[in-house]
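Coordinate inspection notes
The lines below spell out each chain.
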Amino acid sequence: MESAIHEFMMKHGMHPELLDMEAHFNAFRETMRRGLSGEPSSLMMIPSYMTLDGKITEGLSTAALDAGGTNLRIGLCAAENGTCRVVNSELLPMLGTEERIDAPAFFAQLAKLVQPYLSNTDRLGFCFSFPAEITPDLDGIVLGFNKEVQIDGASGAYLCRELDQALLPYGKALGCYAVVNDTVAALLGGYGSTDPDQYDGYIGMILGTGMNCCYTEHPENIKKLSDLSGGSMIINIEAGGYDGFPVGDFDEAYDRRSANPGDHLFEKMVSGGYLNEIAWETICGAVEEGILSPSVKETLSECLWTKDICEFLLDPGTGFIHDRIAGSDDRTALYTLFDLLLDRAARLVAVSLTAIMDQGDIGKTPEKPTCIVVEGSTFQKSPVYQQKIRRYLDEFCSNVHHRYYAFTSVKDANILGAAVAAMLR
Ligand code: BGC
């Protein structure tokens, strides 16, 4: 049975061993270079206009927003004793997740929610977890929503300019703002709470509902921007958009029915918002070819979540999937299929991180590794996935490419990073 499953995954182009990690490392790096040069590239390589120079003024306070694929967090942050802390905050479902809305409604609702936090400050840090072009004055132009968030007609909107307009009825205005991607917020949040002397560079990584990374790049390599001065700039790679990894039949099957077909192909292979969908398509294929009994499909229809898949891989003897699937042959086959999907995902994440360290020329010695500030429930809550990522980073990134890494995560990194960005202005 075991070998039939491996053959099935090979035949459908889904098996982790089909990946030539070295070839994909080179291709990912070349795609980063093209994105930095303004040539056509599936990696947008978006300049953040944020550097790691600068100091936060003691006593400053700022409102902060963290708009993600699942949640919207709003709060007030303050700079005290050299660090930034969350004074108070609230957590709501992200707008456009419970019902489809249009751009004017999005900004009107956002203004209503944020205005109470603008009583004693006109400063706003905005962590935006979707593709946005950042302007030199740190506003963000929406390039589109993904992760199944449904907000119509927002592409092209300037986030802070529009929010400022929507605040007018409340007698509030934004005096100073900064929009950052969530990877950039994570990096800034991590940078602010670690000792930079211990590391040779930083990467901000999100592996949650979606997936993305940012890193610091030397100004001379950002060929699409002219007249750059100052230190290394943080670049939002929009890594999830990478289209160079080989997609298998079940990736394609899901992509066709997704809200953004053809887009964010890498993200769909590795992140929590999509791994369950790829697993579902794999189950459907396996039932059709007699690898799983038809009852598995009926039982898991509409209720297969990434967190349950990860829990099952950690402990196949208990939990939601174990309890629902009656036959032990089916459980064993499901275990192998899920394990192969997660293994492939971990290899892809390791390849991309290795390429990023190489491009940024960071993490050159084990004494001073790259600090990867990582956020996101998929990474944090899945020890099996995490172990696999570490394993391939050790085997490929450190042993083959001599780039070294240390993961760190920081409580409230996104909202704090957004606040730090606004305070550095
Ligand atoms: C978005 C990125 C974001 C990532 C992680 C992706 O879908 O395009 O901007 O950083 O998710 O949240």
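Attention in this report is confined to the structure presented alongside it. Keep in mind that what you see is a predicted model, and the values were worked out from it rather than measured.

1. Concerning the pattern of salt bridges
Within the structure shown, the criterion is met by 21 salt bridges. Between Glu-30 and Arg-34 there is a salt bridge; the shortest N-O distance is 3.7 Å. Of this pair, Glu-30 and Arg-34 both sit in helix H2 (residues 21-37), four residues apart, which is roughly one turn of the helix. Classification of Glu-30 by relative accessible area gives partly exposed; the value is 31%. By relative accessible area, which is 26% here, Arg-34 ends up partly exposed. In this structure, Asp-200 engages Lys-364 in a salt bridge whose closest nitrogen and oxygen atoms are separated by 3.1 Å. Of this pair, Asp-200 sits in the loop between helix H5 (182-192) and strand E11 (202-207) while Lys-364 is found in the loop between helix H12 (328-360) and strand E14 (370-375), placing the two residues 164 residues apart along the sequence.

2. Describing the packing of aromatic side chains
All told, the structure shown has 20 aromatic pairs when counted by the stated rule. Centroid distance Phe-128 to Phe-145: 5.6 Å. Interplanar angle 80 degrees. Geometry classified as edge-to-face. Taken together, the residues span a long stretch of sequence, with Phe-128 in strand E6 (residues 123-128) and Phe-145 in the loop between strand E8 (140-142) and strand E9 (151-152) at a distance of 17 residues. You can call Phe-145 buried: its relative accessible area is 17%. By the ring-pair criterion, three or more aromatic residues cluster together here, those being Phe-106, Phe-107, Phe-126, Phe-128, Phe-130 and Phe-145. Sitting over the face of the ring of Phe-130, Lys-147 holds its NZ or CZ atom 4.9 Å from the ring centroid. For Arg-161, the ring lying beneath its charged end belongs to Tyr-158, and the centroid distance is 3.9 Å.

3. Section: helix H1 (residues 2-11)
All of the buried residues along H1 are Ile-5, Phe-8 and Met-9. Within H1, the buried residues cover an arc of 95 degrees as seen down the axis, which keeps them to one side. Exposed residues on H1 whose side chains face more than 90 degrees from its buried face are Ser-3, Glu-7 and Lys-11. Against the buried residues of H1 lie helix H6 (249-257), helix H8 (272-288) and H12.

4. What to know about the site of the ligand
Neighbouring the ligand are 15 residues; Lys-147, Asn-181, Asp-182, Glu-238 and Glu-267 lie closest to it. Lys-147 is positioned with one of its side-chain polar atoms (N or O) 2.7 Å from an oxygen atom of the ligand. Between Glu-267 and the ligand, the recorded distance is 2.6 Å, taken from a side-chain N or O atom to an oxygen atom. Computed on the free molecule, the ligand has an accessible area of 310 Å², of which 98% lies beneath the protein chains in the complex. Of all the elements in the fold, those that place two or more residues in the shell around the ligand are H5 and strand E12 (211-217). Looking at the shell around the ligand, its residues break down into four nonpolar, seven polar and four charged. Both domain 1 (2-41 + 198-408) and domain 2 (51-193 + 412-423) contribute no fewer than three residues apiece to the shell around the ligand.

5. Brief notes about the sheet that holds E6
Read across the open sheet, the five strands follow the order E4-E3-E2-E6-E10; overall the sheet is mixed. The open sheet has two edge strands, strand E4 (83-93) and strand E10 (176-181), and neither has a second partner. Direction aside, neighbouring strands of the sheet carry axes that sit 20 degrees apart on average. Judged from the six bridges that link them, E6 and E10 form a sheet pairing that is parallel. Across the sheet, residue Leu-124 finds its bridge partner in E10, namely Tyr-177. Docked against the sheet, helix H4 (residues 159-167) engages strand E2 (61-67), E6 and E10, running at close to 130 degrees with respect to E6. Its contacts with the sheet put H5 on E4, E6 and E10, and the angle it makes with E10 is roughly 105 degrees.

6. Concerning the side chain of Gln-359
Structurally, Gln-359 can be placed in helix H12. A polar contact of 3.0 Å, which involves the side chain of Gln-359, links it to the side chain of Arg-29. Residues in contact with Gln-359, not counting those within four places in the same chain, are Arg-29, Met-32, Leu-36, Tyr-215, Glu-217 and Asn-221.

7. Description of the sheet that holds strand E1 (residues 46-51)
One open sheet accounts for six strands, arranged E1-E13-E12-E11-E14-E15; its pairing is mixed. Because the sheet does not close on itself, it has two edges, and the strands there are E1 and strand E15 (405-408). For this sheet, the mean inter-axis angle between neighbouring strands, taken without regard to orientation, is 25 degrees. Note that E11 and E12 share five bridges and pair antiparallel. Each residue of the ladder has a partner; that of Gly-204, found in E12, is Cys-214. Strand contacts of H12: E11, E12, E14 and E15, with the helix running at about 15 degrees to E12, the strand carrying the most contacts.

Cut-off values and rules
Residues numbered from 1 in each chain as written. Predicted model: local features only at pLDDT ≥ 70, side-chain atom pairs only at ≥ 80, totals over all residues. Heavy atoms only, no water. Salt bridge = Lys/Arg side-chain N within 4 Å of Asp/Glu carboxyl O. Helix = DSSP H or I, 4+ residues; strand = E, 2+ residues; numbered from the N terminus. Buried < 20%, exposed > 50% of the residue type's maximum accessible area, 1.4 Å probe, protein only. Phe/Tyr/Trp six-rings, centres within 6.5 Å; stacked < 30°, edge-to-face > 60°. Lys NZ or Arg CZ within 6 Å of the ring centre and 35° of its normal. Arc of directions from axis to C-beta. Contact = heavy atoms within 4.5 Å. Near = heavy atom within 4 Å. Polar contact = N/O pair within 3.5 Å; in protein donor to acceptor, adjacent residues only side chain to side chain. Areas by Shrake-Rupley, 256 points an atom, 1.4 Å probe, with all protein chains shown as cover. Nonpolar A, V, L, I, M, F, W, Y, C, P; charged D, E, K, R; others polar. Domains from an automatic or database assignment. Pairing = 2+ DSSP bridges. Axes fitted to C-alpha atoms, helices over the stretch in contact; angles between N-to-C directions.

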